[in-house]
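Structural overview
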2 protein chains.
Amino acid sequence: MHIQFLGTGAGMPSKQRNTSSLALKLLEERGSFWLFDCGEATQHRMLHTTLKPRKLEKVFITHLHGDHIFGLPGMLGSRGFLGGSGRLDLYGPKGLREWIDVTLRISRTHLNYELVVHEVEEGTVFEDESFIVRALSLDHVVPCFGYRVEQKPLPGKLLMDRVSRAGVPKGPLLRKLKEGRDVTLGDGTLVKSGDVTGPPQPGFTVAILGDTRFTANAVELAQDADVVVHEATFDRESAHLAGPYGHSTIVDAAKTAHLAGARSLVANHISARFLPEDAEHLAAEAAEVFSPVEIAEDFAEYEWKNGVLRRIN
Amino acid sequence: MHIQFLGTGAGMPSKQRNTSSLALKLLEERGSFWLFDCGEATQHRMLHTTLKPRKLEKVFITHLHGDHIFGLPGMLGSRGFLGGSGRLDLYGPKGLREWIDVTLRISRTHLNYELVVHEVEEGTVFEDESFIVRALSLDHVVPCFGYRVEQKPLPGKLLMDRVSRAGVPKGPLLRKLKEGRDVTLGDGTLVKSGDVTGPPQPGFTVAILGDTRFTANAVELAQDADVVVHEATFDRESAHLAGPYGHSTIVDAAKTAHLAGARSLVANHISARFLPEDAEHLAAEAAEVFSPVEIAEDFAEYEWKNGVLRRIN
Ligand SMILES: [Zn+2]
Ligand SMILES: [Zn+2]
């Protein structure tokens, strides 16, 4: 699982930070990626990455402010032009369907794939055999959701000593056992998957939160998460603006991660008042409450592997 | 008068060319600039120019395809954030008002300035004491307009030998005479502006055309124009695509400029099939029919001065 940030700014684009969007890259897990929010020029950012719009499987919108959605219509159109023919699922607050319908109609954008718009309420918004996504309301100036993405437990590792003791030959039978299926050997012996594999491996959990004041629902979504992505529009000095504008400080983000017992925090939605050199100062304010913390940058890519979040790009 | 191109591509953004937008810079003439079309990320392009969104006075939309309008909502919002408090006039085909209304409502974008949307029909769409803008329908796959911007004649130049013979002292009286007003000297002598100025100076005329097949209305809009901006999605080799998709070749653009007796041509809306090094080949095809011709590039800026179009950026 990788997370790549496409826009980490607040409100308006600047030269350093675009409006909100991040890609949850599930290329190994499901051969696709998901977007969380899609500010204007998200598709332009993508031109400078390895992300292919045709591999976009789902888009989750936290709220309907322009800096989180104005890149959607262009993305939907370009995905079709660029060979995306599979179904696309779009999740977001009430109002999203009307806007998409009117925009596609007025601009005469004819999609050559199936688009399904889900207007989200609190609870499970998506589930299949390998993932579950839950949403809870946050505390912004308009209806806004945070999302918790859980990968379901993976089959246990093959225990090679037991496999060879059971006389399983190398090849496809091993893969079946690894996937949790029992197999019968050439000599009629039944080998049970459970006897030659370790305990199920836990999947990862990522909480991706929209714009919000400090709120208990954010803590709940982030509970024991491996990675929490939380907005941090302000710092201590500008904290008095957080309440009126419905936003968080970097310390609020750190408090949320700390109370949730999360493993790592990436702060995004950084106000243009902060220059690139202020990242250190923001990280220091967070570190008094929680670590490890990263201050997201546009194009930054993180890998979650073996329990550790590592910046790879 | 300057023209700066912000997006010169066709259909989708590429690394070289953004979707359609150009700025008609009237800073000397009226202290503002006008936009023609506003594809996604036009405001992002503007971040890398000297254009200030608060000086945006009018936006003319040729047609409602996404690559010509998806940057509008973000531009409208940012203009307010960046101190634009004067009225903004938006001109375009029927459907534009509904889309803007729904988009601003759903995204809860509250503009702190007056926005007036004009749904355009053929004829004069704007006129004041110094400019007149006319629109005619073009021949695209959806309703599409071309615009002809005429600057009205300017007062004649002061004839300095006549002024000094009449005994006018240097200072504010000279400015009044230049502006066409008669003045009375200290000794009671009346000096008529008409007696000390040359004939009115012609203003400039620019035709900015939207997506279109070769059509007589484009020739009419471009009649005797100083600058014609015309789409050129295809070349001779790909000409068979122009009809079905409702577009022009570079030769169609040149034919239009030639038949109109225009003074210069800038071709834009260049398909991503053409690489930067193909500009020469496109210009050569045009030059068989009309010159001078320029192939627009993103960020290229042209100045029209003393009857000559010159690239300055
Ligand atoms: Zn926001
Ligand atoms: Zn177009």
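Residues numbered from 1 in each chain as written. Chains lettered and ligands numbered in written order. Predicted model: local features only at pLDDT ≥ 70, side-chain atom pairs only at ≥ 80, totals over all residues. Heavy atoms only, no water.

1. What about the pairing of strand β7 (residues 123-127) of chain A?
For β7(A) and strand β8 (residues 131-137) of chain A, the ladder comprises 4 bridges, and the chain directions are antiparallel. In the sheet register, Phe126(A) faces β8(A), and the bridge partner there is Val133(A). (Pairing = 2+ DSSP bridges. Helix = DSSP H or I, 4+ residues; strand = E, 2+ residues; numbered from the N terminus.)

2. Points about the UniProt feature "active site" (unreviewed entry) in chain A
All names here are of chain A. Taking the numbering used here, the UniProt-annotated feature "active site" (unreviewed entry) corresponds to Asp67. Among the structural elements, aspartate 67 can be located in helix α3 (residues 66-69). Setting aside its immediate chain neighbours within four residues, aspartate 67 contacts Ala10, Gly11, Thr19, Ser20, Gly39 and His269. (UniProt positions renumbered as here; feature names shortened; annotations may be inferred. Contact = heavy atoms within 4.5 Å.)

3. Remarks on the side chain of Thr256(B)
Counting through the fold element by element, Thr256(B) comes out in helix α11 (residues 250-260). Excluding residues within four positions of it along the chain, Thr256(B) makes contact with Phe214(B), Ala218(B), Val219(B) and His230(B).

4. Topic: the relation of the copies chain B and chain A
Between chain B and chain A, the superposition needs a rotation of 180 degrees and an axial shift of 0.0 Å, giving an RMSD of 0.1 Å. Such a combination of rotation and displacement between the chain copies is what one expects of a two-fold axis. Nearest to the rotation axis, the C-alpha of Ala41(B) is located 2.6 Å from it, this being the minimum over chain B. Same-surface contact between copies: 100% of interface residues of chain B are shared with the interface of chain A. (Least-squares fit on C-alpha atoms with pLDDT ≥ 70 in both.)

5. Structural notes on the coordination of the zinc ion (ligand 2)
Geometry sets the ideal angles at a metal, namely 109.5 degrees for four tetrahedral donors and 90 or 180 degrees for six octahedral donors. Residue and element names in this part refer to chain B. With distances of 2.1 to 2.6 Å, the protein atoms coordinating the zinc ion (ligand 2) are Asp67 (OD), His68 (NE2), Asp211 (OD) and His269 (NE2). The coordination sphere of the zinc ion (ligand 2) comprises 4 donor atoms, whose angles at the metal cover 88 to 165 degrees; the geometry is irregular. Site description for the zinc ion (ligand 2): donor spacing in sequence, D-H-x142-D-x57-H. Residue histidine 68 is found in helix α3 (residues 66-69), and its partner histidine 269 is found in the loop between β14 (265-268) and α12 (279-287); the two are separated by 201 residues along the sequence. The class of histidine 269 is buried, set by a relative accessible area of 3%. (Donors = N, O, S within 2.8 Å, 3.2 Å for Na, K, Ca; no water. Tetrahedral: all angles 85-135°; square planar, octahedral: opposite > 155°, others 65-115°. Buried < 20%, exposed > 50% of the residue type's maximum accessible area, 1.4 Å probe, protein only.)

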